There are 2 protein chains.
Amino acid sequence: MYPDVIQQLVVKNDSKIIFLVMDGVGGLAHPDKGGTELQVAKTPNLDALAAKSSCGVFDPVYPGITPGSGPGHFGLFGYDPLTANIGRGVLEAAGIEFKLTGRDVAIRVNFATSDTAGNLVDRRAGRLATEENQRVCAKLRERIDLKDMNVEVFIEPVKEHRAAVVFRGDNLSGDLEDTDPQKTGVPPKAPTATSEEGKKMIPLVTKFLEQAHKILADEPKANTMLLRGFARYVPYPSMEDRYGLNALAVANYPMYRGIALLLGMKLHPITADIRTQFEAVKEQIGNYDFFFVHIKYTDSRGEDGDFDAKVKVIEEVDSLLPILTGINPDVMVVTADHSTPAILKAHSWHPVPVLLRAKYARVDRVSAFNEIDCIAGSLGRQPMVNLMPLVLANSLRLQKYGA
Amino acid sequence: MYPDVIQQLVVKNDSKIIFLVMDGVGGLAHPDKGGTELQVAKTPNLDALAAKSSCGVFDPVYPGITPGSGPGHFGLFGYDPLTANIGRGVLEAAGIEFKLTGRDVAIRVNFATSDTAGNLVDRRAGRLATEENQRVCAKLRERIDLKDMNVEVFIEPVKEHRAAVVFRGDNLSGDLEDTDPQKTGVPPKAPTATSEEGKKMIPLVTKFLEQAHKILADEPKANTMLLRGFARYVPYPSMEDRYGLNALAVANYPMYRGIALLLGMKLHPITADIRTQFEAVKEQIGNYDFFFVHIKYTDSRGEDGDFDAKVKVIEEVDSLLPILTGINPDVMVVTADHSTPAILKAHSWHPVPVLLRAKYARVDRVSAFNEIDCIAGSLGRQPMVNLMPLVLANSLRLQKYGA
């Protein structure tokens with residue numbers, strides 16, 4: 001209901017919206033550091049911006065749910081992550097900018113090594129060199145043939161031992177379990193369906209694997225493959241369709257570029273560092289309505305459990321922030337797709353701070369951008385899927401509802 | 001969707017969760033006492049715990065709704081009280097630990113006294129002695145016969161003038177109005193249906209009442225009965241089914257024991273006082289995952305309108321709290337099923353304070369456990385049905401959602 005009403009109210013104008021997403025920036029207090037990563041980091045620019053903004057804390061999905069990157073970002077852009085959950089295979093294919101269609105099932109592949117008895121000895125094929133991966137994929141692509149099953153197959157290398165396989169045909173299903181047994185010393189699992197629809201896929205997947213194993217038999221490392229994250233691609237309405245927004249993603253990591261592509265954003269070429277990312281926004285400001293700027297390393301350092309390094313990334317972003325604020329966009333948002341507390345070394349369920357700066361944002365008393373101060377902000381605590389309607393409202397892109 | 005997703009994410013581990021429920025503890029400021037019951041009570045242990053916890057205020061059902069004990073507790077355990085509202089008859093039967101089945105309609109009975117004209121003179125049969133009630137129920141049980149209607153009937157005494165009747169058969173409905181006219185000087189109301197399905201019950205209920213009135217005709221006090229809270233029993237998925245939690249209820253009052261039973265909890269034998277309740281948790285900590293500890297007298301003193309006595313109960317709980325905190329559970333929650341402000345002498349719609357202590361709980365600046373301080377907590381204001389997902393997350397019993 002709510003998303004439908006929002007979509008009906010949308011109007012276009014020439015306002016500019018910048019979404020600065022510090023991946024996993026939400027944290028927890030470190031027992032020896034005197035606060036969370038955001039509290040400990042020296043962030044004079046973020047704090048000054050918070051003082052002029054509406055602040056709040058938002059649950060990426062719903063309270064208690066720890067999101068993967070897919071649901072985390074879907075929520076950010078106003079797509080309900082409970083209904084629009086995206087499969088791992090689709091994310092993998094999107095991450096290499098493969099153009100999926102509504103007839104596709106995408107699968108994430110790990111090349112692996114098995115012994116003569118067929119038991120796995122290395123689930124990552126010795127972290128195969130990417131060039132080897134490309135060679136192996138070319139060989140498979142040339143010789144795999146599923147035409148008699150009325151299915152087209154695409155085999156695309158990713159990095160190291162990872163690849164993406166896409167089946168294209170009518171009435172395909174993604175309802176299959178991973179064939180990866182998650183351990184060595186045993187053979188890959190046979191394809192298994194999780195629904196009646198999935199059962200119809202078994203002959204296709206079995207035939208694909210039989211052909212692939214023959215083709216790979218003489219490979220020294222990549223002599224088998226594990227299929228993971230089977231997912232049918234259901235196209236999402238784009239940001240343009242839903243919000244009338246011409247959006248640019250300034251993101252350097254495949255998964256986030258993939259998500260942006262799935263939502264109809266254009267992709268900026270990969271940039272060298274955060275400074276060049278921010279400068280890219282400045283250069284492109286006349287050409288797009290909406291800018292998704294993705295900072296990866298806050299999440300990476302959180303997953304490493306390196307509190308101090310995460311603080312440093314936050315401080316680097318803060319020091320470069322004037323490049324973005326200097327553009328003076330109509331709406332500026334700073335937030336995260338989820339928390340990745342360094343003390344937990346993993347994504348977590350904790351809500352993330354949100355800062356929304358706009359001419360008509362109701363400024364509250366929050367003057368520090370962190371998880372604890374933002375609790376007292378004028379946005380309160382909400383599910384993240386509510387943020388995009390607030391952004392549209394603040395950019396005066398939503399008409400009045402009802403007479 | 002949200003509850004379904006939570007259920008899909010559940011994993012088991014050996015964490016321990018304690019839920020301390022101070023029934024009706026939420027209050028309102030008394031004009032002469034300088035605060036709410038929780039603010040006025042000296043609670044050094046609760047306050048110290050709050051200082052190390054995530055705090056918030058939760059709406060038992062939704063804003064403005066004053067819950068009965070059923071919906072209040074359903075929300076606590078993550079069962080949406082708007083969709084899983086439980087009938088009064090089912091609560092009454094569960095409270096005497098009657099084992100309901102999916103073919104049952106349960107009814108709460110008041111024995112009453114009527115005059116020779118059939119008009120009620122006492123709606124509680126002079127608060128019949130429980131022993132008399134047992135005798136009357138035995139007499140009814142022996143002689144009531146609904147076999148020709150393909151219905152089995154159970155008649156169980158509760159306390160004083162109260163009993164429970166259960167009809168067991170196919171396609172029974174609970175869609176009937178109370179026959180209690182809520183006043184004397186008039187006869188009991190005739191059975192009236194509130195739906196088409198309920199209409200099919202009229203012959204059964206009429207026949208049951210005709211037989212009962214004949215059997216009771218010679219009783220000096222209990223010569224009639226009022227039927228209340230007709231409710232078909234729809235079995236709920238248990239805490240084990242939904243959360244993988246092996247739960248123990250340490251509750252001394254029938255209704256709460258009944259609710260626990262309906263959700264698949266085991267029941268600890270009734271204990272003498274709050275100290276023995278808490279010690280029971282300590283003794284049983286190795287045998288269960290989840291402990292529901294129910295304190296009744298905060299609610300009772302609130303309903304009495306006795307502000308000072310409610311304060312005293314809170315202080316007693318506080319003084320004994322170290323027995324529970326000394327167990328050092330992985331997740332400790334202190335909250336209530338609803339508010340019962342002494343100045344209102346009744347359940348109310350006001351949200352209740354929540355304290356959640358866990359290793360990875362985001363500690364906020366709240367350092368006093370009461371309705372006003374907890375507003376500034378990191379949990380914000382939420383519907384109570386969100387608490388259980390947060391508890392599961394904090395006990396690391398929820399996997400990541402999506403890739």
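No experiment lies behind these values; they were computed from the predicted model shown.

**Some words on the overall build of chain A**
In terms of helices and strands, chain A carries 14 helices and 13 strands. Relative to the 2.2 N^0.38 estimate, which gives 22 Å for 403 residues, the radius of gyration of chain A is 23 Å and therefore close to what a compact globule would have. Taken along its principal axes, the extent of the C-alpha atoms in chain A is 65 × 55 × 40 Å. By residue count, 59% of the 403 residues in chain A fall in the buried class.

**Describing the packing of helix α12 (residues 297-304) of chain A against helix α13 (residues 307-325) of chain A**
All names here are of chain A. It is the contact of α12 with α13, at a shortest axis distance of 8 Å, that shows an interaxial angle of 170°. Regarding the angle of α12 to α13, the classification is roughly antiparallel. Between α12, through Tyr 297, Thr 298, Arg 301 and Gly 302, and α13, the contact on the second element is made entirely by Ala 309, Lys 310, Val 313 and Ile 314. Split into classes, the residues belonging to the contact of α12 with α13 amount to four nonpolar, two polar and two charged.

**Notes on the sheet that holds strand β1 (residues 17-22) of chain A**
Residues and elements named next belong to chain A. Strand order in this open sheet of eight strands is β9-β8-β10-β1-β11-β12-β2-β13, and the pairing throughout is mixed. Every other strand in the sheet has two partners, leaving β9 (266-267) and β13 (380-383) as the edge strands with one partner each. With four bridges connecting them, strand β11 (residues 331-335) and strand β12 (residues 352-358) associate as antiparallel partners. Counted as the bridge partner of Val 331 is Ala 358 from β12. The sheet contacts of helix α4 (residues 69-76) involve β1, β10 (290-295) and β11, and relative to β1 the element is tilted by about 155°.

**What to know about a nonpolar patch on the surface**
A contiguous nonpolar patch, built from B:Ile343, B:Leu344 and B:Trp349 and spanning about 270 Å² of accessible area, is present on the exposed surface. For B:Ile343, the location among the structural elements is in the loop between β11 (331-335) and β12 (352-358).

**A short note on the interface of chain B and chain A**
With 29 residues of chain B at the interface, the matching set in chain A holds 33 residues. Buried area between chain B and chain A, both sides added, is near 2,400 Å², and the carbon and sulfur share of it is 63%. Of all residues in chain B, B:Arg362, B:Tyr401 and B:Ala403 give up the largest surface area on contact with chain A, accounting jointly for 36% of the area buried on that side. For A:Asp373, the salt bridge is made with B:Arg365, and the minimal N-O distance between the two is 3.0 Å. Between chain B and chain A we count 13 residue pairs in polar contact (both at pLDDT 80 or more) in total. Taken together, the elements giving at least two residues each to the side of chain B that touches chain A come down to α1 (2-9), β13 (380-383) and α14 (387-394) of chain B. Residue classes in the side of chain B that touches chain A are distributed as 17 nonpolar, eight polar and four charged.

**Details of the sheet that holds β12(B)**
All names here are of chain B. One open sheet holds the eight strands; their spatial order is β9-β8-β10-β1-β11-β12-β2-β13, and the pairing between them is mixed. Both edges of this open sheet fall to β9 (266-267) and β13, since each of them pairs with a single strand only. Running at roughly 65° to β12, helix α3 (residues 44-51) makes contact with β2 (54-59), β11 and β12 of the sheet. Contacts from helix α11 (residues 274-284) reach β1 (17-22), β8 (247-250) and β10 (290-295), with the element oriented near 175° to β10.

**Overview of helix α11 (residues 274-284) of chain A**
All names here are of chain A. Listing the buried residues of α11 in full gives Ile 274, Gln 277, Phe 278, Ala 280, Val 281 and Gln 284. Looking down the long axis of α11, one finds its buried residues gathered within 150° of arc, a one-sided arrangement. Turned more than 90 degrees away from the buried face of α11 sit Lys 282 and Glu 283, all of them exposed. Where α11 is buried, its residues contact β1, β8 (247-250), β10 and α13. Two or three places before Arg 275, at the opening of α11, Asp 273 has a side-chain oxygen 3.3 Å from that residue's backbone nitrogen.

**Looking at the pattern of salt bridges**
Pairing is possible between side chains of opposite charge, provided their charged atoms come close. In this structure the tally under the stated criterion is 48 salt bridges over all chains. Note that B:Arg228 is salt-bridged to B:Asp180, the shortest N-O span being 3.7 Å. Here B:Arg228 is found in strand β7 (residues 224-232), whereas its partner B:Asp180 is found in the loop between β6 (162-168) and α7 (196-199), with 48 residues between them in sequence. The residue B:Lys199 makes a salt bridge to B:Glu196 at a minimum N-O spacing of 3.0 Å. Taken as a pair, B:Lys199 and B:Glu196 lie in helix α7 at a separation of three residues, close to a single helical turn. Linked through salt bridges whose partners overlap, the residues forming this network are A:Glu132, A:Arg135, A:Lys139, A:Asp218 and A:Glu219.

**Here's the deal with the pairing of β2(B)**
Residue and element names in this part refer to chain B. Here β2 lies mainly inside the structure; six of its six residues are buried. Across the two faces of β2 the burial is the same, with Ser 54, Gly 56 and Phe 58 and Cys 55, Val 57 and Asp 59 all buried. Across five bridges, the pairing between β2 and β12 is antiparallel. Across the sheet, residue Ser 54 finds its bridge partner in β12, namely Leu 356. Bridge count for β2 against β13 is four bridges, and the pairing is parallel. Looking across to β13, one finds that Val 57 is bridged to Arg 381.

**Quick notes on the UniProt feature "domain: Metalloenzyme" (unreviewed entry) in chain A**
The positions that UniProt labels "domain: Metalloenzyme" (unreviewed entry) are, in the present scheme, residues 16-382 of chain A. Between the end C-alpha atoms of residues 16-382 of chain A the distance is 24 Å, and the span holds 31% helix and 20% strand.

**Here's the deal with the relation of the copies chain B and chain A**
When chain B is fitted to chain A, the residual RMSD is 0.3 Å, and the transformation amounts to a turn of 125° plus an axial shift of 0.5 Å. Here the symmetry operator amounts to a three-fold rotation axis. In terms of proximity to the rotation axis, the leading residue of chain B is B:Ala376, whose C-alpha is 3.7 Å off the axis.

**Re the domain arrangement of chain A**
Residues and elements named next belong to chain A. We note that the domain assignment places domain 1 (2-83 + 237-394) and domain 2 (91-232) within chain A. Domain 1 and domain 2 are separated by 34 Å when their C-alpha centres are compared. With both chains or domains summed, domain 1 and domain 2 bury close to 600 Å², and 74% of this area falls on carbon and sulfur atoms. When the buried area of domain 1 at its contact with domain 2 is split by residue, Pro 254, Leu 261 and Leu 262 rank highest and sum to 52% of it. At the boundary of domain 1 with domain 2, the tally comes to one salt bridge. For Arg 257, the salt bridge is made with Glu 97, and the minimal N-O distance between the two is 3.2 Å. Here the element with the most residues in the side of domain 1 that touches domain 2 is helix α10 (residues 254-262); it accounts for seven residues. Taken together, the residues of the side of domain 1 that touches domain 2 sort by class into six nonpolar, two polar and one charged.

Rules used in this analysis
Residues numbered from 1 in each chain as written. Chains lettered and ligands numbered in written order. Predicted model: local features only at pLDDT ≥ 70, side-chain atom pairs only at ≥ 80, totals over all residues. Heavy atoms only, no water. Helix = DSSP H or I, 4+ residues; strand = E, 2+ residues; numbered from the N terminus. Rg over C-alpha atoms; globule rule 2.2 N^0.38 Å. Buried < 20%, exposed > 50% of the residue type's maximum accessible area, 1.4 Å probe, protein only. Axes fitted to C-alpha atoms, helices over the stretch in contact; angles between N-to-C directions. Parallel < 35°, antiparallel > 145°, perpendicular 65-115°, else oblique. Contact = heavy atoms within 4.5 Å. Nonpolar A, V, L, I, M, F, W, Y, C, P; charged D, E, K, R; others polar. Pairing = 2+ DSSP bridges. Patch = residues over 30% accessible without salt bridge, like charges linked within 9 Å, V, L, I, M, F, W, Y side chains within 5 Å. Areas by Shrake-Rupley, 256 points an atom, 1.4 Å probe, with all protein chains shown as cover. Salt bridge = Lys/Arg side-chain N within 4 Å of Asp/Glu carboxyl O. Buried area = accessible area lost by both parts, 1.4 Å probe. Polar contact = N/O pair within 3.5 Å; in protein donor to acceptor, adjacent residues only side chain to side chain. Arc of directions from axis to C-beta. UniProt positions renumbered as here; feature names shortened; annotations may be inferred. Least-squares fit on C-alpha atoms with pLDDT ≥ 70 in both. Domains from an automatic or database assignment.

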